[in-house]
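# Tertiary structure, described
Letter by letter, the chains look like this.
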Amino acid sequence: MTQLTTPGITAATRTRARNGRRRANAGDLLVVLSWTSVAVAISLYLAYGGAADFTSLSGIVSGIGIIGGLIGTDLILVMLVLAARLPFIDRTVGQDRAIAVHRSLGKPALYFLLAHGVLLTLGYGISAGLDPVAETISLFSTVADMPLAYLGLGLLIMVVVTSLVAVRRRFAYEAWHLIHLLSYAAVLVAVPHQLSAGGVLADGSWQRAYWIVLFVVAFGAIAWFRFAVPAIRTARHGLRVTGIEPVAPGVSSIHLSGRDLDRLQVAGGQYAIWRFWSRGTWWHAHPISFSAMPTGTSARITVRELGRGTGRLGRIRAGTFVSIEGPYGVFTDAARTSPYLAVIAAGIGITPARTLLEQSTLRHGEATVLLRGTDNDQRYLWNEVFALAARDGSSVYTMLGHRPRGASTWLSQEAAGRGVTIESVFPRIAESDLFICGPQPWADLVIRDALAAGISRRQIHVEKFES
Ligand SMILES: Cc1cc2nc3c(=O)[nH]c(=O)nc-3n(C[C@H](O)[C@H](O)[C@H](O)COP(=O)(O)OP(=O)(O)OC[C@H]3O[C@@H](n4cnc5c(N)ncnc54)[C@H](O)[C@@H]3O)c2cc1C
């Protein structure tokens, strides 16, 4: 028995470990590339001979200001690339982590650009004997393209401020997203002053050529991967709604038809961003996981009505045209590193878990699944998961009920009372990849217990339904 199963486990585990190392190396490469781009931005100034300016107070202040501008702009371009949905980035770290890094760079980039504006105004003012206000007026009226640069900075401040969590929550997602798109304009309107003012990016210099290439790469990636590829895919696959199937109160499956949907190459656990072209829905797109693996001609998603946007999807008419961005995501078999598979899905978090199980090739007993809901209405697609588990010889546990009031646990009151733990459900948790999908605060508690049970972070894969 042991001899029959161990070599299989070992070979698969080795392959997974190798893939995991490859992904980790690719992730490191991304970090190195980002920092290298910052270092090159600084070296543009040094190569131009900027160090020679560091002999007077005004030269030092202006020099630091120019370096700040180069770093800030470079970081903004890195942010654009991170948000461009490059397949390499999605496969390596996942779009959610890329967006988390994108967000974390927003404030530092803005601070560098603010420092750029303030320090250059002070530096030039010291040199010309003008106070900051007089220098600002002089820059505005005498330096070409400066008003556009101020406009760019103003737009960027607006984008960053509206992205602060507390401010963002006040806006509908779509309104916030529209404001956020202004960041493209903010970056572009600042370009003319970068090329016309100062000498670092002088006409004919390699520094100028490099800078332009950076912009072309960042905006090219956005134009191609965020706009062109989805438009081509949408046209190629011709997706339409074929029917709505109620699953539970407030939850429906949307069945879709299309051409060559197998060529989308969806991996189990992935999602796409869907837009339904009907009167009340065309203006909002939603990230929704596939709830069944697409065939050549059909696909299915299952949607829980959460807010205004998803509320309308349950009433969408058959025949409605659908556009698609994706598939995206690393909540897939390709992310695995360990011999066993543990899956915990709560509520509508079942969707990626179901397709992960549907597509995975599993040894008998390799997977253990825990389905969690607060009440009987939340048994979305459970029967389908039972059928997949029977196919693969996986164990399935179910846990219904609210969490005990005031207690910090992801278990139901009843399970917590019986002394259930993550180890009692998943005895091999330390040798497992743990895939979790459910509300974030709940998922955080699962992660806490899993870590305490000896699993490492790289074995934990979470699909966040919140952006
Ligand atoms: C990777 C991923 C997979 C998902 N899979 C499913 C699924 O299979 N089934 C399901 O029912 N739900 C899924 N969701 C959640 C679903 O996207 C949201 O519930 C839905 O977009 C909410 O929109 P709304 O207009 O109804 O609610 P709103 O009240 O407008 O928004 C509620 C929350 O959803 C966020 N949100 C709204 N629109 C978007 C958007 N376009 N992009 C990112 N976040 C947005 C808002 O920021 C807010 O946090 C998934 C989310 C993600 C990120």
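Residues numbered from 1 in each chain as written. Predicted model: local features only at pLDDT ≥ 70, side-chain atom pairs only at ≥ 80, totals over all residues. Heavy atoms only, no water.

## Side note on the pairing of strand β11 (residues 460-463)
The test is simple: Criterion used throughout: strands pair if DSSP finds at least two bridges between them. A helix here means a DSSP run of H or I that spans at least four residues, while a strand means a run of E at least two residues long, and both kinds are numbered starting from the N terminus. With its strands directed away from the observer, a crossover is right-handed exactly when the path from the first strand over the helix to the second travels clockwise.
One ladder, built from four bridges, connects strand β10 (residues 432-437) with β11; its direction is parallel. Residue I436 lies in a different strand from β11, and its bridge partner there is V462. The β-α-β motif built from β10, the intervening helix α16 (residues 440-452) and the parallel element β11 has right-handed crossover chirality.

## Thoughts on the pattern of salt bridges
The following threshold applies: For this document, the term salt bridge refers to a Lys or Arg side-chain nitrogen within 4 Å of an Asp or Glu carboxyl oxygen. Accessible area is worked out with a 1.4 Å probe on protein chains only. A residue is then buried under 20% of its type maximum, exposed over 50%, and partly exposed in between.
Throughout the structure, instances matching the rule amount to 13 salt bridges. Of the charged contacts in the structure, one is a salt bridge between D392 and R391, with a shortest N-O distance of 2.9 Å. Among the residues examined, D392 registers a relative accessible area of 11% and is labelled buried. Among the residues examined, R391 registers a relative accessible area of 46% and is labelled partly exposed. In this structure, E414 and R418 form a salt bridge, with 2.9 Å as the shortest nitrogen-oxygen distance. According to the relative accessible area criterion, E414 is partly exposed, its value standing at 48%. Ionic contacts of the salt-bridge type, sharing partners, join the residues R16, D333, R336, R363, E366 and D433 into one network.

## A word on unusual backbone geometry
Cis rather than trans, the peptide bond between G326 and P327 has omega equal to 10 degrees. Checked against the element boundaries, P327 lands in strand β6 (residues 322-328). Positive phi values are uncommon outside glycine, yet D145 reaches one of about 70 degrees. Structurally, the position occupied by D145 is in the loop between α5 (132-142) and α6 (146-163). The exposure class of D145 is partly exposed, given its relative accessible area of 27%. Here D260, not a glycine, exhibits a phi torsion of approximately 50 degrees, which is positive. If you trace the backbone, D260 turns up in the loop between β2 (251-257) and β3 (271-276).

## A few points about the sheet that holds β11
Our working rule: Simply put, an axis is a line fit to the C-alpha atoms, just over the touching stretch for a helix, and the angle between two N-to-C directions goes from 0 to 180 degrees. By the convention used here, residues are in contact when the closest approach between their heavy atoms is within 4.5 Å.
Taking strand neighbours across the sheet as the criterion, the five strands line up as β9-β8-β7-β10-β11 in an open arrangement whose pairing is parallel. One side of each edge strand has no neighbouring strand; the edge strands of this open sheet are β9 (395-400) and β11. Here the strands of the sheet are splayed against their neighbours by 15 degrees on average, with no regard to which way each runs. Examined bridge by bridge, strand β7 (residues 340-346) and strand β8 (residues 367-373) share six bridges and lie parallel to one another. Directly across from V343, in β8, lies its bridge partner V369. Of the strands in this sheet, β7, β8, β10 and β11 are in contact with helix α12 (residues 350-359), which crosses β7 at around 150 degrees.

## Comments concerning the confidence of the model for the chain
Predicted coordinates in areas of low pLDDT are best not read in detail. Note the threshold: Confidence per residue, as judged by the predictor, is encoded in pLDDT with a range of 0 to 100.
Averaged over every residue, the pLDDT of the chain is 92; the share at 70 or more is 98%. For the stretch residues 1-7, pLDDT sits under 50, and the model shows one contact to residues farther than four places along the chain or on other chains.

## Looking at the nonpolar core
Quick reminder of the rule: For the purposes of this section, nonpolar cores are sets of buried Ala, Val, Leu, Ile, Met, Phe, Trp, Tyr and Cys residues that join through side-chain atoms within 4.5 Å.
By size, the foremost hydrophobic cluster in this structure holds 42 residues, and its most contacted members are L70, L77 and W211. Of all the elements in the fold, those that place two or more residues in this core are α1 (2-47), α2 (57-82), α4 (95-128), α6, α8 (173-189) and α10 (206-237). Looking at this core element by element, the count peaks at 11 residues for α2. The contact partners of W211, leaving out residues within four places of it in the chain, are A41, L44, L70, T73, D74, Q194 and L201. W410, F426, I436 and I455 belong to the second largest nonpolar core, which has 24 residues in total.

## Observations regarding the side chain of T281
Selection rule: Nitrogen and oxygen atoms within 3.5 Å of one another constitute a polar contact, given that in protein one can donate a hydrogen and the other can accept it, and given that sequence-neighbouring residues count only through two side-chain atoms.
Within the fold, T281 resides in the loop between β3 and β4 (285-292). In terms of polar contacts, T281 uses its side chain to reach the backbone carbonyl oxygen of F276, at 2.7 Å. Sequence-distant contacts of T281, defined by excluding residues within four places in its chain, comprise F276, R312, L313 and I316.

## Regarding the sheet that holds strand β1 (residues 240-248)
Pairing is antiparallel in the open sheet, where six strands are placed in the order β1-β2-β5-β4-β3-β6. Both edges of this open sheet fall to β1 and β6, since each of them pairs with a single strand only. Direction aside, neighbouring strands of the sheet carry axes that sit 35 degrees apart on average. Across seven bridges, β1 lies against β2 in antiparallel orientation. What sits directly across from V241, in β2, is L256. Where α12 meets the sheet, its contacts fall on β4 and β5 (298-304), and the angle it forms with β4 comes to roughly 40 degrees.

## Some thoughts on the packing of α2 against α10
We apply this condition: Roughly parallel means an angle under 35 degrees; roughly antiparallel, over 145; roughly perpendicular, 65 to 115; everything else is oblique. For a crossing to be left-handed, the near helix must be turned anticlockwise from the far one by less than a right angle; the clockwise case is right-handed. Polarity classes work like this: nonpolar for Ala, Val, Leu, Ile, Met, Phe, Trp, Tyr, Cys and Pro, charged for Asp, Glu, Lys and Arg, and polar for all others, with Gly in that last group.
Two elements in contact, α2 and α10, have axes whose closest approach is 8 Å; the angle formed by their N-to-C orientations is 25 degrees. Comparing the axis directions of α2 and α10 gives the class roughly parallel. Pair α2 / α10 crosses with left-handed handedness. Here L70, T73, D74, L77, L80 and V81 of α2 lie close against α10, whose contacting residues are W211, L214, F215, A218, F219 and I222. Here the residues of the contact of α2 with α10 sort into 10 nonpolar, one polar and one charged.

## Quick look at the site of the ligand
The following threshold applies: The nearness test applies per residue and asks whether one of its heavy atoms lies within 4 Å of the molecule or strand. Residue exposure ignores everything except the shown protein chains as possible cover, and the areas themselves are Shrake-Rupley values with a 1.4 Å probe. All the domain ranges listed were derived from an automatic or database domain assignment.
Close to the ligand lie 21 residues, the nearest being A285, H286, P287, R304 and T310. For the ligand, a nitrogen atom lies 2.6 Å from a polar atom in the backbone of A285. Taking P287, its main chain carries an N or O atom lying 2.7 Å from an oxygen atom of the ligand. When isolated, the ligand has an accessible area of 890 Å², and the protein chains bury 83% of it. Elements with a minimum of two residues in the shell around the ligand: β4, β5 and α11 (308-313). When residues of the shell around the ligand are assigned to their parent elements, the largest contribution, five residues, is made by β4. Viewed by domain, the shell around the ligand spans two of them, domain 2 (238-328) and domain 3 (335-463), each represented by three or more residues.

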